[in-house]
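An overview of the molecular structure
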Amino acid sequence: EWLVLLHVVMSTVTLLLAYLACRAALGRMVALAALVVLTVNPSLIAWAGQIGSEGALALCIALAVWAAHTQSGIVLVATLAAPQMRTVGIVLPAAVVLYWILQRRYWDAAVVATLSVISVGVLLWWTVTDPNMVAGSSYAADLARTTSHEAGQTGRTSMVMELLFR
């Protein structure tokens, strides 16, 4: 029960941060319209009521977008946390680095890039070299391996491995 409550709170904070970021960039009326659309979004409603990583990733993204103009430390924490939530969170560090380069905040971009390469690199290395990968458990497992049952049925490994061995 408390985990579901935590996800509801994370989703609520995500909506608040999205509203604040939108209001700062586009004005109050656009921000309110966006908030209404987000509030009735069926996917966001579903995520709020279930235990999963989508809500935490959305919070990291909203936090980074909200803080991108003024608070580098908050952006750094959100940017480093996002890839740990879901693999797709890897795009957040790249987006923050590109945004800060465009803003000529080169030092901030270099810090995020360096720390992200280290943390994401370790995460990806661990994921790819995991000896207990099972197809369906991660993107890396789907690309690199299949279960022994699937390999026995088809006599093949994954599509990527097939292409590498050709």
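Keep in mind the model is a prediction, meaning the values are calculated, not measured. One numbering rule holds for all chains: residues counted from 1, following each sequence as written. Only residues with pLDDT of at least 70 get local features here, since the model is predicted, and only at 80 or more are side-chain atom pairs given and counted; chain-wide, interface and lining totals rely on the full set of residues. Neither water nor hydrogens contribute to the side-chain values; these are computed over all heavy atoms in the structure.

A word on the side chain of S116. Helix and strand assignments follow DSSP, with helices taken as H or I runs no shorter than four residues and strands as E runs no shorter than two, numbered in order from the N terminus. Within the fold, S116 resides in helix α7 (residues 106-128). Classification of S116 as buried rests on a relative accessible area of 7%. To sort residues, take the accessible area from a 1.4 Å probe on protein chains only and compare it with the maximum for the residue type: under 20% means buried, over 50% means exposed, and anything in between is partly exposed.

Moving on, we get to the packing of helix α5 (residues 72-85) against helix α6 (residues 91-102). Here α5 crosses α6 at 150 degrees, and the two axes come no closer than 8 Å. The orientation of α5 relative to α6 falls into the category roughly antiparallel. Facing α5, whose interface residues are S72, V75, A78, T79, A82 and P83, α6 presents L92, P93, V96 and W100. When the residues that make up the contact of α5 with α6 are grouped by side-chain class, the tally is eight nonpolar, two polar and no charged. What counts as an axis is a line fitted to C-alpha atoms, over the stretch in contact for a helix, and the angles between N-to-C directions run from 0 to 180 degrees. When an angle is under 35 degrees it counts as roughly parallel; over 145 it counts as roughly antiparallel; between 65 and 115 it counts as roughly perpendicular; any other value is oblique. Should any heavy atoms of two residues lie within 4.5 Å, those residues are counted as being in contact. Polarity classes work like this: nonpolar for Ala, Val, Leu, Ile, Met, Phe, Trp, Tyr, Cys and Pro, charged for Asp, Glu, Lys and Arg, and polar for all others, with Gly in that last group.

Nonpolar core, defined: a set of buried Ala, Val, Leu, Ile, Met, Phe, Trp, Tyr and Cys residues in which side-chain atoms within 4.5 Å join the residues together. Residues A64, V75, A82, L92, V96, W100 and V112 are the most contacted members of the largest nonpolar core, which totals 13 residues. Elements that contribute at least two residues to this core include exactly α4 (54-67), α5, α6 and α7. Non-local contacts of V75, meaning those with residues more than four positions away in its chain, are made with A64, A67, A68, V96 and W100.

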